Each structure stands twice: as C-alpha cells, then as structure tokens.
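Commentary on secondary and tertiary structure
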Amino acid sequence: EDNIAFGLEAFAKLNYKNIYISADPWLINLYDMQDRYQSVDQLYKHWLNHMELNLPPKLFLTSRLIETESSWIDYSLSSLRSSLFLDYKNMVPSNGEAEAYDKKAYDGSHIYNEHFINQSNDVRLSFAGPLNYSMSEFEYDSVAIENLENLVSYLKSNRVNVILVLSPYHPLLYQIMEKQKTIFVEIEDWYREFAKRSGIGIIGSYDGNIIGCVENEFYDGMHPKNSCMQKLFTN
C-alpha cells in the first residue's frame, strides 16, 4: 500500500525514470498484520483507482488540498512534538550524523539514533524479532500480489524502469532461516521469478553473504548499515 501511495504520488510530482522497490517478504503475506498505511488511506485509494483503470498520473496532494485540510494537522503535530521534545529543533537533520532521536535526512534516508547505533548487545540475542516480524504466519496474499503486478505494469506503461531490491538479513540469521524458516528462501525465489516474467530488474539477496556483507555491517538482524547497502548497489 505504501509503495502504491507514495511511489505513484512521487511519480506524478517528479516524473522519475527509475524506481527501486524494497521486496520485503511480508509484502505478499496475507498475515503481515501491517495497517499503518491506513494513515494515508485516501492517497492509497486514489492511486489504486488510477492504477487499476490505467488513468494518466494526477497528483492527489495538490496545493489547495494541503492548504485547506492539512494546515491544522501540521499545527497540531508541531505542538505535540514541541510538548514531547523540548529540543525538537535539534531533531531537524542538518547533516547525516546520529543524534538522540531517529531522523530523516533530506535525501529520504533514515538516520538511526545514537543509542540504537552504539548498542553493544550481541545482535544474535535479538534474532527472534526479525525472524518473525510480520512473518510469524505465512500465506500468499493474492490481492497483494495482484496489486504488485498492477503497480509494475502501470509504472512500465509510463516508461519507468522498475528494480526490486532484496535487502539482506544478517548472515547468521539467514543461516537460521535456511534451517528453520525456509519460507524466506522460497519468497526470494518467488520475487526472482516475478521479476523475470515481468521484465524488470532485481538486485540483492536476503542472504547477506551473497552480497559480501559481514556480521559487523548490521545494526541488528534485519537492518544493514550503509556500507552493506553500498555493496548491494555496486556489486
């Protein structure tokens, strides 16, 4: 849902030529338990309709809509942030350095907080979370798969080059997946076949070893550091 809502709204605004879509395993899981997209449900439904009917791209978030319906939301959120974080101004990313809170850089990348980056605990102790994140139960979601197919077709019809990205898991966690939860291996194969039959690109692997990422290039079981992701995009 997020890929459709934000990816296509960005296309209408920026007319990009390439899009990289993170091929997370839970995207095609009926039991992913993901509902955060509902905060942008109107945006999602707008683009779902355009995509299914193959309508020309048309911005949903127009200046008029933002001015008339969003100004009070912006004010309310700003007030809430100020009450929760007295040093909110310090959360505005002036650079890519980690600070006390998570930040979003101006290029869209996520900057983890200092505590998360500097945690000294053995990441292997927290493997259970990534192993089951939105994947404690799995069944292929036919609606999600159809939406993915329609999204790719819509982008290709608008001459956009689509590339799926298989973001790596920690090498030791992937070894556990191979033995205890082979659905991850199966889903990677599914994405590769999907990319082949759809005529789109695919890079990366859930197996960090294939990309050349070593153990200290992960914050935890499922969050690779910049150095690992650079290998993914350059290999």
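Quick look at the structure, then. What you see is a predicted model; the values in this text were computed from it and never measured.

Quick look at the overall build of the protein now. Tallying secondary structure elements over the protein gives ten helices and five strands in all. Burial statistics for the protein: of 235 residues in total, 38% are counted as buried. Considering only intrachain contacts with a sequence separation of at least 6, the fraction spanning at least 24 residues in the protein is 70%.

With that out of the way, let us pick up the pairing of strand β4 (residues 161–166). Judged by how many residues are buried, β4 sits mostly within the fold: five of six residues are covered. Here strand β1 (residues 18–22) pairs with β4 via five bridges, running parallel. By the bridge assignment for β4, Ile21 is matched with Leu164. Pairing geometry for β4 and strand β5 (residues 201–204), over four bridges, is parallel. Paired with Val165 across the bridge in β5 is Ile203.

Overall, parallel pairing links the three strands, which are arranged β1-β4-β5 in an open sheet. The open sheet has two edge strands with one neighbour each: β1 and β5. Across this sheet, the average inter-strand angle for adjacent strands is 25°, counted without regard to direction.

Taking 1.5 Å per residue as the helical rise, helix α6 (residues 142–157) with its 16 residues ought to reach 22 Å, and the 22 Å between its terminal C-alpha atoms agrees with that figure. Considered for burial, the residues of α6 that qualify are Ala144, Ile145, Asn147, Leu148, Leu151, Val152, Tyr154 and Leu155. The opening residue of α6, the one whose side-chain oxygen lies 3.1 Å from the backbone nitrogen of Val143, is Asp141. Count one or two residues on from α6 and you reach Arg159, which has phi positive near 60°.

Turning our attention to the state of the cysteines. A complete count under the given rule lists one disulfide for this structure. Across a sulfur-sulfur distance of 2.0 Å, Cys213 and Cys228 are joined as a disulfide pair. For the disulfide bridge between Cys213 and Cys228, the dihedral angle about the S-S bond is near 90°, and by the sign convention the bridge is right-handed. One end of the pair, Cys213, is in the loop between α9 (208–211) and α10 (226–234); the other, Cys228, is in helix α10, and 15 residues separate them in sequence.

Next up on the list: unusual backbone geometry. Positive phi values are uncommon outside glycine, yet Met33 reaches one of about 60°. Among the structural elements, Met33 can be located in the loop between β1 and α2 (41–53). A relative accessible area of 73% places Met33 in the exposed class. A positive phi angle is found at Arg159, which is not glycine, with a value near 60°. Along the chain, the position of Arg159 falls in the loop between α6 and β4. Judged by relative accessible area, Arg159 falls into the exposed class, the value being 77%.

With 13 residues, helix α1 (residues 2–14) should reach 18 Å at 1.5 Å per residue; the first-to-last C-alpha distance of 17 Å fits that figure. Residues Ile4, Ala5, Gly7, Leu8, Glu9 and Phe11 constitute the buried set of α1.

Turning our eyes to something else, we now look at the nonpolar core. Judged by nonpolar contacts, the single largest core of 45 residues is most densely connected at Ile4, Leu8, Leu155, Leu164, Tyr169 and Tyr191. At the level of secondary structure, the elements contributing two or more residues to this core comprise α1, β1, α2, α6, β4, α7 (171–180) and α8 (183–198). Looking at this core, the element that brings in the most residues is α8, giving seven residues. Not counting residues within four places of it along the chain, the set of residues in contact with Ile4 comprises Glu9, Tyr44, Trp47, Leu48, Met51, Asn147 and Leu151. Ile211, Phe218, Cys228 and Leu232 belong to the second-largest nonpolar core, a separate cluster that totals six residues.

Rules used in this analysis
- Residues numbered from 1 in each chain as written.
- Predicted model: local features only at pLDDT ≥ 70, side-chain atom pairs only at ≥ 80, totals over all residues.
- Heavy atoms only, no water.
- Helix = DSSP H or I, 4+ residues; strand = E, 2+ residues; numbered from the N terminus.
- Buried < 20%, exposed > 50% of the residue type's maximum accessible area, 1.4 Å probe, protein only.
- Contact = heavy atoms within 4.5 Å.
- Pairing = 2+ DSSP bridges.
- Axes fitted to C-alpha atoms, helices over the stretch in contact; angles between N-to-C directions.
- Expected span 1.5 Å × (residues − 1).
- Polar contact = N/O pair within 3.5 Å; in protein donor to acceptor, adjacent residues only side chain to side chain.
- Disulfide = S-S within 2.5 Å.
- Core = buried A, V, L, I, M, F, W, Y, C linked by side-chain atoms within 4.5 Å.

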